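Inside the fold
So the chains spell out like this:
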Amino acid sequence: MKLVSKINVLNKHSIAITLCCLLLTTNLRAQYNQLWIPDTLSGTQFNLTLQDTFKQFLPGQQTITEGINGNWWGPTLFFNKGDTVHINVINQLQDSSTIHWHGMHLPAVMDGGPHQPIPSMTIWSPYYKVMNNAATYWYHPHLHMMTEEQVIRGLGGLIIVRDSVESMLNLPRTYGIDDIPLVLSDRRFDTTFANQNQLSMEHLGDTMMVNGTLFPEYNVPAQVVRFRILNGAMERAYKFGFSDSTAFSVISTDGGLLNTPISINTKRFIISPGERVEILVNLNGRQGQSLDLMAFNSTLPPDYPGASAGIGPQFNLLGGRDFLILHLTIGAQTLNPCVTIPGSLTTNTFWSAASATNTRHIVFSDPPDSLCDPNHFGCGWFDSTFFDINTINYYINRNAIEIWELENKSGYFSHPFHMHDVQFYILDRNGSLPPTYERGWKDVVMVRKNTTVRVIAKFQDYADSLNPYMYHCHTLFHEDAGMMGQFVVVDPSIGISEEVNGIKKLMNIFPNPANDEVNVSLGIDYLSIKNNILIQNLMGVTLFELNNVPIEIKIKTTNIPNGIYFIKSFNETNSITKKLIIQH
């Protein structure tokens, strides 16, 4: 058995090395595959079906994947700012999932985080008004402890928001022609006989892919071309640029246009997991030429994921080296081409530090090795605490403007930090202004080890004391392992709050999600009070009610369908409401 194991490992690495050599060799046209451009959906009504499927990545056995609407990667959704969109997410997978609308400003109950699971063979139908600026966003699973696996298997898609400001600019916007989406990621394929060409659940892959295409090439016109780039990797950062040092300009960050295009003087740009950037490249007069979009990861800073080949389970053939992202051939201009880059784009107004109503300090650090997955190198946590789905870390008043000080005390990792619902502005890095290309709306920021980043955001429009938003590291295995917290936005003047006269009242419910029963435990203050408990659905319909209950009780939930409910304890003076998830 040991000999067979060693042979399998050797076979695995010899095949992977061959793939990597093909990847790094760019002068043999026959090795390239045509870049796949995701399908599109537009309007205000959208149907997304999650399903098990197959994809022919490599010669031989097909790869078992998960997909959306029949494809490895889902359709690009076009939204118009001001529209209300209605989406049916039909889960035909064998497992539960969620779909999170990454970067979108929307009610917490529509956010698609861990608190909105979609059980197998059910439909989730969120709807919300599009309030975001024109930019590139995306959607992906966010099921707690399963996010990385479901993203590796192929679930996700892009969102492109249009608005009146962006539409007035002379910018490329013909999708797939001069406005090209690029989802950067990497995967590792199993090469053992029994699992040939199947996806390995590894954080760092050995093979680069773009839009699910290995060794991709694409034809672009000899004019100004717009690339919408998403880092959809599990962990790896990419330091991208062009093989011949062709200049490019950044026009948009995660949440919208910059005030002016920013020319990247170094002709290299680092994009971290979850981040998006839109760039313009002027290819006028270059018809008949070719160039390569490359990852110059041999010069990634050492604390960035992917900066080294790693050791043990972290070993990967792309680590610490330069490799091809996309081979480009330049063809004829289109009709009415865009041939110049605008001098200005928009006028953003950002909050100053002086306008903040509150400051929070969050410390990133390394848990003891004994608390991390022994099969992988390290993990992370916030304020020395792992994620607990029943714990709200912060209560934030609606319309509050807050500074979040993100201090990374990790001895190993730089962490890409993502906050749901809001777009923030980076005030400073270690007290210094961020580079000009980061001075725009952001929802992901890389916080390098032994540094502090201050961001500012306004928590406006939506208040919901029951349904939280998440904040987390966007290195997906860190998120799954518990490097995540949650906050609710509350309006003390309306709705239900878990705080009475400034004191957080106690009601514990467990397990949550519940299966066939849920335990309710009230605080000792309720010992001599006649308490009542009821369970309501999201429409306010009461499904269960019990009067004069003790401070601890078991409630059977066998006959309550899967879904999200409110469980309420009340007496003559106090009322406490929490969210209950039932999942049989």
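Shown above is the structure to which this text applies.
To keep things clear, this report deals only with the structure shown in the data block.

Cut-off values and rules
Residues numbered from 1 in each chain as written. Predicted model: local features only at pLDDT ≥ 70, side-chain atom pairs only at ≥ 80, totals over all residues. Heavy atoms only, no water. Helix = DSSP H or I, 4+ residues; strand = E, 2+ residues; numbered from the N terminus. Buried < 20%, exposed > 50% of the residue type's maximum accessible area, 1.4 Å probe, protein only. Contact = heavy atoms within 4.5 Å. Areas by Shrake-Rupley, 256 points an atom, 1.4 Å probe, with all protein chains shown as cover. Phe/Tyr/Trp six-rings, centres within 6.5 Å; stacked < 30°, edge-to-face > 60°. Lys NZ or Arg CZ within 6 Å of the ring centre and 35° of its normal. Pairing = 2+ DSSP bridges. Axes fitted to C-alpha atoms, helices over the stretch in contact; angles between N-to-C directions. 1 Å grid on protein atoms, 1.4 Å probe; cavity = no way out; pocket = protein on both sides within 12 Å on 5 of 7 lines; lining within 4 Å. Points joined across faces, edges and corners; volume = space filled by probe spheres on them. Core = buried A, V, L, I, M, F, W, Y, C linked by side-chain atoms within 4.5 Å. Salt bridge = Lys/Arg side-chain N within 4 Å of Asp/Glu carboxyl O.

1. Structural notes on the overall build of the chain
Each helix and strand in the chain was counted, giving four helices and 44 strands. Taking all 584 residues of the chain together, the buried fraction comes to 58%. Here the analysis covers contacts within the chain between residues at least 6 apart in sequence; of these, 76% occur between residues at least 24 apart. Carbon and sulfur atoms make up 53% of the accessible area of the chain, which totals about 23,000 Å².

2. A closer look at the packing of aromatic side chains
According to the stated counting rule, one finds 32 aromatic pairs in the structure shown. For the pair Trp73 and Trp138, a centre-to-centre distance of 6.4 Å together with 20° between the ring planes defines the contact as stacked. Of this pair, Trp73 sits in the loop between strand 4 (63-68) and strand 5 (76-80) while Trp138 sits in strand 10 (residues 135-140), and the two are 65 residues apart along the sequence. The pair formed by Trp73 and Trp138 is uniform in burial state, with each residue classed as buried. Here the aromatic cluster, defined as three or more aromatic residues joined through ring pairs, consists of Phe364, Phe382, Tyr394, Trp404, Phe417, Phe459, Tyr469, Tyr471 and Phe487. The ring of Phe57 is capped by Lys55, whose NZ or CZ atom sits 5.3 Å from the centre of that ring. A cation over an aromatic ring shows up here: Arg268 above the ring of Phe296, its NZ or CZ 3.5 Å from the ring centre.

3. Comments concerning the sheet that holds strand 19 (residues 238-242)
Taken together, the six strands give an open sheet; going across it, the order is 1-17-25-24-19-22, and neighbouring strands pair in mixed fashion. The open sheet has two free edges, formed respectively by strand 1 (33-34) and strand 22 (269-271), since each of these has just one partner strand.

4. Quick word on the sheet that holds strand 30 (residues 415-419)
By way of backbone hydrogen bonds, the strands of a sheet pair with one another, either parallel or antiparallel. What the five strands build is an open sheet, ordered 28-35-34-30-32; its pairing is mixed. The strands lining the two open edges of the sheet, one partner per strand, are strand 28 (394-397) and strand 32 (444-447). Looking at each pair of strands side by side, their axes are set apart by 25° on average, direction ignored. Summarising the sheet, strand 28 and strand 35 (residues 484-490) pair through four bridges and their orientation is parallel. Bridging from a neighbouring strand, Tyr394 pairs with Phe487 of strand 35.

5. Quick word on unusual backbone geometry
At the junction of Phe510 and Pro511, the peptide bond is cis and its omega measures out at -10° in the coordinates. Considering the arrangement of structural elements, one finds Pro511 in the loop between strand 38 (507-510) and strand 39 (517-522). For Asn336, which is not glycine, the phi torsion reads 50° and is therefore positive.

6. Considerations on empty space enclosed by the protein
If you walk through the whole model with that rule in mind, you get one cavity of 30 Å³ or more. Of the volumes computed, that of the largest cavity is approximately 80 Å³. Lining the largest cavity we find Trp72, Trp73, Val151, Val183, Ser185, Arg187, Met209, Asn211, Gly212 and Gly232. Tallying contributions element by element places strand 12 (residues 179-187) first for the lining of the largest cavity, with three residues.

7. Thoughts on the nonpolar core
By size, the foremost hydrophobic cluster in this structure holds 40 residues, and its most contacted members are Leu182, Phe227 and Phe240. The dominant element in this core, judged by the number of residues it contributes, is strand 25 (residues 322-331), at five residues. Setting aside anything within four residues of it in sequence, one finds Phe227 in contact with Ile180, Leu182, Val220, Phe242, Val277, Glu278, Ile279, Val281 and Leu328. Core analysis: the next-biggest nonpolar cluster, separate from the first, contains 27 residues, Trp404, Phe424, Cys473 and Val489 among them.

8. Notes on the pattern of salt bridges
A full pass over the atoms with the stated rule returns 20 salt bridges. In this structure, Arg226 and Glu278 form a salt bridge, with 2.9 Å as the shortest nitrogen-oxygen distance. Note that Arg226 is positioned in strand 18 (residues 224-231) and Glu278 in strand 23 (residues 276-282), a separation of 52 residues in sequence. Look at Arg226 and you get buried, because its relative accessible area is 2%. We classify Glu278 as buried; its relative accessible area is 2%. A salt bridge links Lys442 to Asp254; the nearest nitrogen and oxygen atoms lie 3.2 Å apart. With a gap of 188 residues between them, Lys442 in the loop between strand 31 (425-429) and strand 32 and Asp254 in the loop between strand 20 (249-253) and strand 21 (256-263) connect regions that are remote in the sequence. The class of Lys442 is buried, set by a relative accessible area of 3%. According to the relative accessible area criterion, Asp254 is buried, its value standing at 0%.

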